[in-house]
Amino acid sequence: NPLPVANAGPDKSLSCIAPNITLGSPGVPGRTYSWTPVAGLSNPAIAQPTTSTANTYYLTVTNTATGCIKSDTVIITPLRYPTANAGPDRIISCSNPSLTIGAPAIAGHTYSWSPAVGLSNPNIAQPLASQPNNYTLTIRNDTSGCTGTDQVTITVDSVRPIANAGSDQTLTCIVPSFVIGTA
């Protein structure tokens with residue numbers, strides 16, 4: 001008596017683009033299907049249940065005419081959300097009128113900053129910020145479609161420098177020069 005074919009399908013990762021994964025392969029008449037664990041499955045007694053739950057699923061196929069059994073396993077890995085890093089809060093000053101924000105780019109990810117006003121390019125990992133604002137970075141994994149966000153606050157150093165040329169002085173023939181200002 002030949003064993004039935006048990007095909008739980010290829011190992012897969014959950015995705016934000018398509019959060020439900022179909023397990024198994026098309027059913028064959030004269031076979032019963034039993035999946036475990038049952039939690040997270042649309043129907044544990046069919047050939048191709050769907051799931052949105054990461055787990056290791058076990059399939060047992062029974063030939064109803066012979067009672068022969070065959071098993072297979074499939075591993076569904078969890079969603080992997082990217083970590084967004086907008087960088088530390090920064091201060092724009094006269095000596096630093098624009099600042100690099102964010103962190104180095106990660107291959108396979110798309111970057112989007114909001115608001116775009118005041119940024120050199122809102123679609124790169126590390127734009128230059130030249131205006132004060134609360135900027136939000138959204139990073140998207142191009143494969144899974146999952147996103148992560150982070151925020152950075154850019155402020156302006158509003159403390160004005162103090163200019164002091166010193167007290168009024170008068171040049172004379174006796175005092176032809178003097179130092180002005182303070183140290």
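Our subject is the structure listed above.
Asker: When you look at a nonpolar patch on the surface in this model, what are you seeing that I'm missing?
Answerer: A cluster of nonpolar side chains, namely L171, I174, V175, F178 and I180, defines an oily patch on the protein surface of about 520 Å² accessible area. Checked against the element boundaries, F178 lands in the segment after β12 (147–156). Among the residues examined, F178 registers a relative accessible area of 31% and is labelled partly exposed.

Asker: What should I look at first to understand the side chain of H109 in this one?
Answerer: Of note, H109 is situated in strand β9 (residues 109–114). At a separation of 3.1 Å, a polar atom in the side chain of H109 contacts the main-chain carbonyl oxygen of A107. The residues contacting H109, other than those within four sequence positions of it, are P82, I139, R140, N141 and D142.

Asker: Which parts of the structure should I look at to understand the sheet that holds β12?
Answerer: Within a sheet, adjacent strands bond to each other through the backbone by hydrogen bonds, running parallel or antiparallel. Ordered by their spatial adjacency, four strands build an open sheet running β7-β12-β11-β9, and the pairing between neighbours is mixed. Across the chains shown, the open sheet's two edge strands, defined by having one partner strand only, are β7 (90–92) and β9. Neighbour-to-neighbour, the strand axes of the sheet open up by a mean angle of 25°, direction not taken into account. By the bridge criterion, six bridges tie β9 to strand β11 (residues 133–141) in an arrangement that is antiparallel. The residue of β11 that forms the bridge with H109 is N141.

Asker: For this particular structure, what's the right way to read the pairing of strand β5 (residues 55–63)?
Answerer: Each regular strand carries side chains that alternate between the two faces of the sheet. Sheet topology places strand β3 (residues 31–36) next to β5; six bridges connect them, and they run antiparallel. Considered in β5, the bridge of R31 is made with N63. Taken together, the eight bridges between β5 and strand β6 (residues 69–77) define a ladder with antiparallel strand orientation. Within β6, the residue paired with T60 across the bridge is S71. As consecutive antiparallel partners, β5 and β6 are separated by five residues, and within that stretch G67 has a phi angle of approximately 80°, a positive value.

Asker: Just to check I follow, could you spell out the nonpolar core for this structure?
Answerer: Across soluble globular proteins, nonpolar side chains show a tendency to be buried alongside one another. Core analysis: the biggest nonpolar cluster contains 15 residues, and I101, W113, Y135, V152 and I154 have the highest contact counts within it. Those elements that place two or more of their residues in this core are β9, β11 and β12. With three residues, β11 is the single largest residue contributor to this core. If sequence neighbours within four positions are ignored, W113 has contacts with A86, I101, G102, L119, P122, I124, A125, P127, Y135, T136, L137 and V152. Counting residues in hydrophobic clusters, the runner-up holds 14 residues, among them A6, W35, L41 and V61.

Parameters at a glance
- Residues numbered from 1 in each chain as written.
- Predicted model: local features only at pLDDT ≥ 70, side-chain atom pairs only at ≥ 80, totals over all residues.
- Heavy atoms only, no water.
- Patch = residues over 30% accessible without salt bridge, like charges linked within 9 Å, V, L, I, M, F, W, Y side chains within 5 Å.
- Areas by Shrake-Rupley, 256 points an atom, 1.4 Å probe, with all protein chains shown as cover.
- Salt bridge = Lys/Arg side-chain N within 4 Å of Asp/Glu carboxyl O.
- Helix = DSSP H or I, 4+ residues; strand = E, 2+ residues; numbered from the N terminus.
- Buried < 20%, exposed > 50% of the residue type's maximum accessible area, 1.4 Å probe, protein only.
- Polar contact = N/O pair within 3.5 Å; in protein donor to acceptor, adjacent residues only side chain to side chain.
- Contact = heavy atoms within 4.5 Å.
- Pairing = 2+ DSSP bridges.
- Axes fitted to C-alpha atoms, helices over the stretch in contact; angles between N-to-C directions.
- Core = buried A, V, L, I, M, F, W, Y, C linked by side-chain atoms within 4.5 Å.

Read these as geometric descriptors, not functional statements.
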